[in-house]
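# Observations on chain architecture
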Amino acid sequence: MASNKSPNTPAPNDSSDSGIEGIRAARLQKAEDLKQAGQQPYAYSWDITHPIADLQAKFADLEAGAEEDFNVSIAGRIMARRVFGKLAFFTVQDETGTIQLYLEKKTIQAEMGEADAQAFNHLKQLTDAGDIIGAQGTIKRTDKGELSVKVKQYAMLTKSLLPLPDKFHGLTDVAKRYRQRYVDLIVNPEVRDTFRKRAKITAAIRRHLDELGYIEVETPVLQSEPGGAEARPFVTYHNTLDMELYLRIATELHLKRMVVGGFEKVFELGRVFRNEGISTRHNPEFTTIEMYQAYSDYQDMMALTESMIEQIAEEVTGSNTVTYQGEEISFAQPWKRVTMHDAVKEKTGIDFGEFSDLAAAKEAAKGAGVGDVDSCESIGHVLNEAFEQKVEETLIQPTFITDYPVEISPLSKPHRSKPGLVERFELFMVGRETANGFSELTDPVDQRDRLELQAAKKEAGDLEACSVDEDFINALE
RNA sequence: GGGUCGCUAGCUCAGUGGUAGAGCAUUCGGCUUUUAACCGACUGGUCCUGGGUUCGAAUCCCAGGCGACCCA
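Keep in mind the model is a prediction, meaning the values are calculated, not measured. (Residues numbered from 1 in each chain as written. Chains lettered and ligands numbered in written order. Predicted model: local features only at pLDDT ≥ 70, side-chain atom pairs only at ≥ 80, totals over all residues. Heavy atoms only, no water.)

### Topic: the sheet that holds strand β15 (residues 399–405)
Spatially, β14-β15-β16-β17 is the arrangement adopted by the four strands of the open sheet, whose pairing is mixed. The open sheet has two edge strands, β14 (336–339) and β17 (432–438), and neither has a second partner. Taking the axes of each pair of neighbouring strands and ignoring which way they run, one obtains an average angle of 25° across the sheet. One ladder, built from six bridges, connects β15 with strand β16 (residues 421–429); its direction is antiparallel. From the neighbouring strand, Tyr-404 faces β16, where its bridge partner is Val-422. Contacting β14, β15 and β16, helix α10 (residues 340–348) crosses the sheet at an angle of about 85° to β14. (Pairing = 2+ DSSP bridges. Helix = DSSP H or I, 4+ residues; strand = E, 2+ residues; numbered from the N terminus. Axes fitted to C-alpha atoms, helices over the stretch in contact; angles between N-to-C directions. Contact = heavy atoms within 4.5 Å.)

Written out as structure tokens, the structure is:
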């Protein structure tokens, strides 16, 4: 028999009745049997009286063995089945939590027997872990202390065709967790909490900035000239214009155009795209927030950053202290501020402010165990290497690093009192950079010079360097 | 891009040259207090791919693919 093979639809295998295809075929048959029994395997609706977490809270004090003649109707996914001859226990999970179904043949047959003389047997034979089921009944805490719905009536809401991952080990394959997020969300409840917290954080950011008089904007994602960061862009193509376009690598340059246009406080919370390495820490598409405020310098932006993050932490977690991967992080203001030169000096003993000779700076850096300095083209770059290799991972508590070398900061204003430096900060916590801010460069002549330096690097083959965005210079002018 | 490790049943994993394995899941039977239910029976495999060594390869060698972690 000829068959078209494809990875998604493996050819049926006659001898396989417990492989994945066998399971799927068996479950399709169960869906068919449900229809024969007068049940719809994919229901249109089911009335719910309570989220499961509400029931767990409401009856937290109910004693083991006690019953409550309180009618409830719930719905959720069957996560585990424990079936006996005339009694069964299902663990059911909805968005809010889990509860046990107490499924007694006697009760179910009395309530449903008229519609389906085999209602209990069908429950045993035609349901599987993974199915979404609706259940209506009363509240009972079993002798063993598990809060349960003593079911009078049930209905299949969605028959699943594929098995859930191992009930004990769960889904541990990181790649599969990320590529099949829906499975991850089903079997790893803590992942749902992460999603909820994230939604609370973005809502709190918007509320906070709205109260400060910011307006939220959406700037172009498709750009003819990507800029605002050093990164390789994704390239796409516009048919009608017959030209290549790039997905943005940052929102910066268009937000600054908004400021030029007269909006004094703007922000954008949105996706940017960088065509680079991929790992569990680096996604090619990720979300950033950029905020711009006219007439303000980097000190103002640091103050805004620390107060906003402390308040959000309190709103989302109820505390300004959070534990992240075993580290206790305190967001209590004020956060530590230290210049890049001082931070490097503290860890390496080297004061890069004393060097005027590049070669001498490289020697000193090597002496302190800093690698990869041979290709550095300025003392500022050597300083940056030393910082990244020796300091960054030690910054666990929120810390602002300030006053960066001009060579690595093409968009910042020169420092008002320190030559060769710019008014820039980066925020570090748990050893990673989490924010970056400047007194924004507003001098169009200086800006052109710095972008042309970048363009020269691009000409020389640096795939992360950007070109001169003439329209942006025009806006500044 | 470099290094290390991995890829065996739906899931989690054993198996270092001699008949392809376990637990869970699935299927069948039993069971009214389980919660990783239990008891009994069955089923399920391109051992990532290709080549090589060997009487014989999941196992050793070479090349490639995919993935994880670390580094850049």
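Moving on from the coordinates now.
### A short note on helix α8 (residues 252–260)
Taken as a whole, α8 has its buried residues at Glu-252, Leu-253, His-254, Leu-255, Lys-256 and Arg-257. Note on α8: the residue one or two positions beyond its end, Gly-262, has a positive phi of about 120°. (Buried < 20%, exposed > 50% of the residue type's maximum accessible area, 1.4 Å probe, protein only.)

### Considerations on the nonpolar core
Ile-74, Phe-90, Val-92, Leu-101, Leu-103, Ile-108 and Leu-123 are the most contacted members of the largest nonpolar core, which has 25 residues in total. At the level of elements, α2 (52–58), β1 (67–83), β2 (87–93), β3 (98–104), α3 (105–112), α4 (119–126), β4 (132–141) and β5 (147–158) are the ones that each hand at least two residues to this core. A per-element tally of this core places β5 first, with four residues. Contact partners of Leu-103, with chain neighbours within four places excluded, come to Lys-86, Leu-87, Ala-88, Phe-90, Ile-108, Phe-120, Leu-123 and Val-151. Core analysis: the next-biggest nonpolar cluster, separate from the first, contains 23 residues, Val-338, Ala-343, Phe-352 and Val-422 among them. (Core = buried A, V, L, I, M, F, W, Y, C linked by side-chain atoms within 4.5 Å.)

### As for the pairing of strand β8 (residues 235–238)
Each regular strand carries side chains that alternate between the two faces of the sheet. Pairing of β8 with strand β9 (residues 243–247), which is carried by four bridges, proceeds in the antiparallel orientation. Bridge assignment links Tyr-237 to a residue of β9, and that residue is Glu-244. Hairpin remark: β8 followed by β9, antiparallel, with four residues in the connecting loop; positive phi at Asp-242, about 55°.

### Description of the packing of helix α7 (residues 189–211) against helix α9 (residues 298–317)
Orientation of α7 relative to α9, taken along the N-to-C sense of each, is 135°, at an axis distance of 10 Å. The pairing of α7 with α9 is recorded here as oblique in orientation. Crossing hand, α7 versus α9: right-handed. Contact residues: α7 offers Lys-197, Lys-200, Ile-201, Ala-204, Ile-205, Arg-207, His-208 and Leu-209, while α9 offers Ser-307, Met-308, Gln-311, Ile-312, Glu-315 and Val-316. Class assignment of the residues belonging to the contact of α7 with α9 gives a composition of seven nonpolar, three polar and four charged. (Parallel < 35°, antiparallel > 145°, perpendicular 65-115°, else oblique. Left-handed = near helix turned anticlockwise from the far one by under 90°. Nonpolar A, V, L, I, M, F, W, Y, C, P; charged D, E, K, R; others polar.)

### So, the pairing of strand β12 (residues 321–324)
Across four bridges, β12 lies against strand β13 (residues 327–330) in antiparallel orientation. Note that in β13 the partner of Val-322 across the bridge is Ile-329. From the end of β12 to the start of β13, which pair antiparallel, there are two residues, and Gln-325 there has a positive phi angle of about 45°.

### Looking at the domain arrangement of chain A
Taken domain by domain, chain A comprises domain 1 (17–169) and domain 2 (308–438). For domain 1 and domain 2, the distance between their C-alpha centres works out to 56 Å. (Domains from an automatic or database assignment.)

### A short note on the packing of α10 against helix α12 (residues 379–391)
One can describe the packing of α10 onto α12 by two numbers: an axis separation of 10 Å at closest approach and a directional angle of 55°. One element, α10, and the other, α12, form an angle in the oblique class. Judged by the sense of rotation from one axis to the other, the crossing of α10 with α12 is left-handed. Here Met-340, His-341, Ala-343, Val-344, Lys-347 and Thr-348 of α10 come into contact with α12, specifically with Leu-383, Asn-384, Ala-386, Phe-387, Lys-390 and Val-391. Taken together, the residues of the contact of α10 with α12 sort by class into seven nonpolar, three polar and two charged.

### Let's talk about α4
Among the residues making up α4, those that are buried are Ala-119, Phe-120, His-122, Leu-123 and Leu-126. The buried side chains of α4 occupy one side of the element, clustering within an arc of 165° when seen end-on. (Arc of directions from axis to C-beta.)

### Focus on the confidence of the model for chain A
Mean pLDDT over chain A works out to 86, with 93% of the residues at or above the 70 mark. Within the model, pLDDT remains below 50 along residues 1–16, and this stretch shows four contacts once partners closer than five positions in the same chain are excluded. For this predicted complex, the interface confidence score (ipTM) comes to 0.82, while the overall pTM stands at 0.80. (pLDDT = per-residue confidence, 0-100.)

### Topic: the sheet that holds strand β10 (residues 265–273)
Taken together, the three strands give an open sheet; going across it, the order is β6-β10-β11, and neighbouring strands pair in mixed fashion. In the strand order of this sheet, the two ends are held by β6 (215–216) and β11 (285–293), each with one partner. In the sheet, β10 pairs with β11 via nine bridges, with the strands oriented antiparallel. Each bridged residue has a counterpart across the sheet, and for Val-272 the counterpart in β11 is Phe-286.

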